[in-house]
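A look at the structure
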Protein chains: 2
Amino acid sequence: MAVTIKDVAKRAGVSISTVSRVINESKPVSPEARRKVIKAIEDLGYRPNEIARSLVTKKSNVIGVIVDDIGSSYVAQIVRGIEEVGHMYNYDILLCSSYGDKEAEERFTQLLLQKQVAAIILLSEIYNEDVISYLKYSSIPFVYLNKYYNVLESPTVRINNYLASKKVMDFLIEYGHRRIAYVTQEKDIDITIEKHKLLAYNEAMEYLGNTPNIYKVDGHTISVGYELGYKIHKDITNNEITAIYCCDDEIAIGLINYCYDNNIYVPDDLSIVGYGNISIASYIRPKLTTIMEPYYDIGAVSVRKLSKILANESSEEETIELPVQLVIRDSVKNIN
Amino acid sequence: MAVTIKDVAKRAGVSISTVSRVINESKPVSPEARRKVIKAIEDLGYRPNEIARSLVTKKSNVIGVIVDDIGSSYVAQIVRGIEEVGHMYNYDILLCSSYGDKEAEERFTQLLLQKQVAAIILLSEIYNEDVISYLKYSSIPFVYLNKYYNVLESPTVRINNYLASKKVMDFLIEYGHRRIAYVTQEKDIDITIEKHKLLAYNEAMEYLGNTPNIYKVDGHTISVGYELGYKIHKDITNNEITAIYCCDDEIAIGLINYCYDNNIYVPDDLSIVGYGNISIASYIRPKLTTIMEPYYDIGAVSVRKLSKILANESSEEETIELPVQLVIRDSVKNIN
DNA sequence: ATGAAAGCGCTAACAT
DNA sequence: ATGTTAGCGCTTTCAT
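The rules behind these values
Residues numbered from 1 in each chain as written. Chains lettered and ligands numbered in written order. Predicted model: local features only at pLDDT ≥ 70, side-chain atom pairs only at ≥ 80, totals over all residues. Heavy atoms only, no water. Helix = DSSP H or I, 4+ residues; strand = E, 2+ residues; numbered from the N terminus. Expected span 1.5 Å × (residues − 1). 1 Å grid on protein atoms, 1.4 Å probe; cavity = no way out; pocket = protein on both sides within 12 Å on 5 of 7 lines; lining within 4 Å. Points joined across faces, edges and corners; volume = space filled by probe spheres on them. Nonpolar A, V, L, I, M, F, W, Y, C, P; charged D, E, K, R; others polar. Near = heavy atom within 4 Å. Polar contact = N/O pair within 3.5 Å; in protein donor to acceptor, adjacent residues only side chain to side chain. Contact = heavy atoms within 4.5 Å. Buried area = accessible area lost by both parts, 1.4 Å probe. Salt bridge = Lys/Arg side-chain N within 4 Å of Asp/Glu carboxyl O.

Our next topic: helix H5 (residues 73–88) of chain B. Across its 16 residues, H5 of chain B extends 23 Å between first and last C-alpha, which sits within 8% of the 22 Å expected from 1.5 Å per residue. In the stretch just after H5 of chain B, Asn-90 of chain B is the one whose phi turns positive, near 75 degrees.

So, about empty space enclosed by the protein. Unoccupied space between atoms shows up once a probe the size of one water molecule is rolled over them. Under the counting rule described, the total for this entry stands at four cavities of 30 Å³ or more. For the largest cavity, the calculated volume is near 200 Å³. Forming the walls of the largest cavity are 15 residues, and the residues nearest its centre are Ile-51 and Val-62 of chain A together with Ile-51, Val-62 and Lys-115 of chain B. At the level of secondary structure, the elements contributing two or more residues to the lining of the largest cavity comprise helix H4 (50–57) of chain A together with helix H4 (50–57) of chain B. Considering only enclosed or pocket space, the second largest cavity measures out at about 70 Å³ in volume. Broken down by secondary-structure element, the contributors of at least two residues to the lining of the second largest cavity are helix H11 (249–261) of chain A together with helix H11 (249–261) of chain B. A class-by-class count of the residues in the lining of the second largest cavity yields eight nonpolar, two polar and two charged.

Peptide bonds are, in most cases, trans, and in most cases residues other than glycine have a negative phi. Omega for the peptide link from Arg-285 of chain A to Pro-286 of chain A comes to -10 degrees, which places this bond in the cis form. Considering the arrangement of structural elements, one finds Pro-286 of chain A in the loop between strand E9 (271–276) and strand E10 (289–292). The linkage connecting Val-266 of chain B with the following residue, Pro-267 of chain B, adopts the cis geometry, with an omega of 5 degrees. Mapped onto the elements of the fold, Pro-267 of chain B is located in the loop between H11 and strand E9 (271–276). One non-glycine residue, Ser-139 of chain A, lies in the positive phi region at around 50 degrees. Along the chain, Ser-139 of chain A turns up in the loop between helix H7 (129–138) and strand E4 (142–146). Here the phi dihedral of Asn-277 of chain B falls at roughly 60 degrees; this positive angle occurs in a residue that is not glycine.

What follows is about the protein's contact with DNA strand D. Residues in contact with DNA strand D amount to 28 residues; listed here are only the nearest, Ser-17, Arg-21 and Ser-30 of chain A together with Ile-5 and Tyr-46 of chain B. Considering the 4 Å shell around the protein, atoms of DNA strand D inside it are sugar or phosphate in 62% of instances. Within the side chain of Arg-21 of chain B, an N or O atom sits 3.5 Å from a base oxygen of DNA strand D. For the surface near DNA strand D, the secondary-structure elements that each account for two or more residues are helix H2 (16–24) and H4 of chain A together with helix H2 (16–24) and H4 of chain B. Residue classes in the surface near DNA strand D are distributed as 14 nonpolar, 10 polar and four charged.

This paragraph deals with the interface of chain A and chain B. Counting residues at the interface gives 46 residues for chain A, matched by 46 residues for chain B. The contact between chain A and chain B buries some 4400 Å² in all, and 59% of this surface belongs to carbon and sulfur atoms. Connecting chain A to chain B are six salt bridges. A salt bridge links Arg-80 of chain A to Asp-69 of chain B; the shortest N-O distance between them is 2.9 Å. Taken together, chain A and chain B are joined by 26 residue pairs in polar contact (both at pLDDT 80 or more). Elements represented by at least two residues in the side of chain A that touches chain B include exactly H4, helix H5 (73–88), strand E2 (92–97), helix H6 (102–114), helix H10 (222–237) and H11 of chain A. With seven residues, the single largest contributor to the side of chain A that touches chain B is H5 of chain A. For the side of chain A that touches chain B, the per-class residue count stands at 23 nonpolar, 12 polar and 11 charged.

Now the structure itself:
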């Protein structure tokens, strides 16, 4: 049987309230009593039961985190941010993976609520307004992070995708590229961030006086990028395009691998830009030039926001926009 | 205010015991009462408070997981395994990152204990026997996973590193390599898995009648592997060695990158083998030939073991050994 | 089959 | 400054 506050009180020869007081430093305790209590706690190896504590205080200092897939590299980075600053604010992390399943997102939300978490961070890749409604309805503080979709109005932390996209295009143009293709996601384009990224791309092409050249893919994996290589092989070797701007690092990396395997030299034959700056981006060769999404910071800022809400120092509504940066590495050639 | 079991009871016109009974299906309830209770639950949107439940049942169905760094790719894979099969067994995951800090490991262990977790999985990369002793002393079911160290006797899930290493050497020899170097970790070699890997390497070299050629590094990152490139550049270009077997994928990848950047062609000029099969291994070019450590399975099996212990179906002591596999890709040349 | 009541380990109001 | 007590939301005897 675990040792409880009663055991400590008995051993120290004081009441349980006194013990509670020294543990929580909630009220003054005489030096004498404090000494005895501390001694008893050490002798017995007592550790307060957080479950019992939460029950009475109605606080859990646990943040529930529902992610798409913890095995995914950018997800792990965000969770790292959540975890690290979470612990600074004294929060623990209860982690669930939904694997892109709508129902799982909702089920886990309920579960976390039952676990009396103080707040929820939902990191999703799918379109699921129901869970947002549910979260709002539950009136639990939450942050909603979606890599692709613009879902409803909800507190979130993100970058400005239009501006990011503009940075890429400005850079490509500065490096002398004119025939630039963009690889976008075909699915739900109007309600995803692709809408904004595409806008910047189209504006830049219009500025150049060139017709946009858009490839559509479905999926965000490296193999999708690789397969894209087959489809556009001719366009590349024809020299119809000099640069490809990909909506995801994964697509860009798949494409780079395709090129490597088919003797197309990046960046000499073709320049490639990614989006995200996942960790592999700096390890593949050539190193990928890409937009850096500050994953760690997104997690970190989300927790900070939540902790402010929980301390009543902030309202829930605002969405936070983090600065973007273009990381220039080796996958784009200056053809001026 | 959240709705409680009392509210449900009142609304249904029954006692809270009856409500509890229908929730838990713990005792027979008349169809009539059950109907009313279910109705009330739905009307009120009632969800039992898991905190209160845990307090009385003294069960938490939460598994505490302490990892080194959730941002690390292999860690994320293991956690994925833990999380996914954990949820199948109805466990939730409370996650902490120690970032290689001894004290953090101990602090989090205490914290998790206070949170009344049902079991703990400790995933460490450092040498810390204290935390194992503490865990044993607390008599909480736990699994101890350490990527490098052989720490004390403790329940664990791992691969047979000697056998794995032997597989690598057999393969290299089969492919005609004779002058094979091994890159090992210089730190604490006698109490780490390097001892076993090295043994297999040395035995193979003895079998070949060649003197072992061992490079020592300190650290498990890609940049450590890259820096190793500088040091052994001459050995490679001298053709003194035809193959390098690296103790970590990261080292191998760093080395491959060094070669790429310095016009040494892998595998034509030099064959490289890794260890681990982290996700990048199949994305870099040339694709890395390596030992597959089944990270996901290590996590999955750990949870299964724990769940058996918690159900009194297994003792804590045994260590589980998972099968190893050599993944043959493109970084080794057949020079027969 | 059902309800009353005790109690899980703790905090916090109240009393002294 | 300290002790007594109620009660957090729930499960589980124990009666009935």
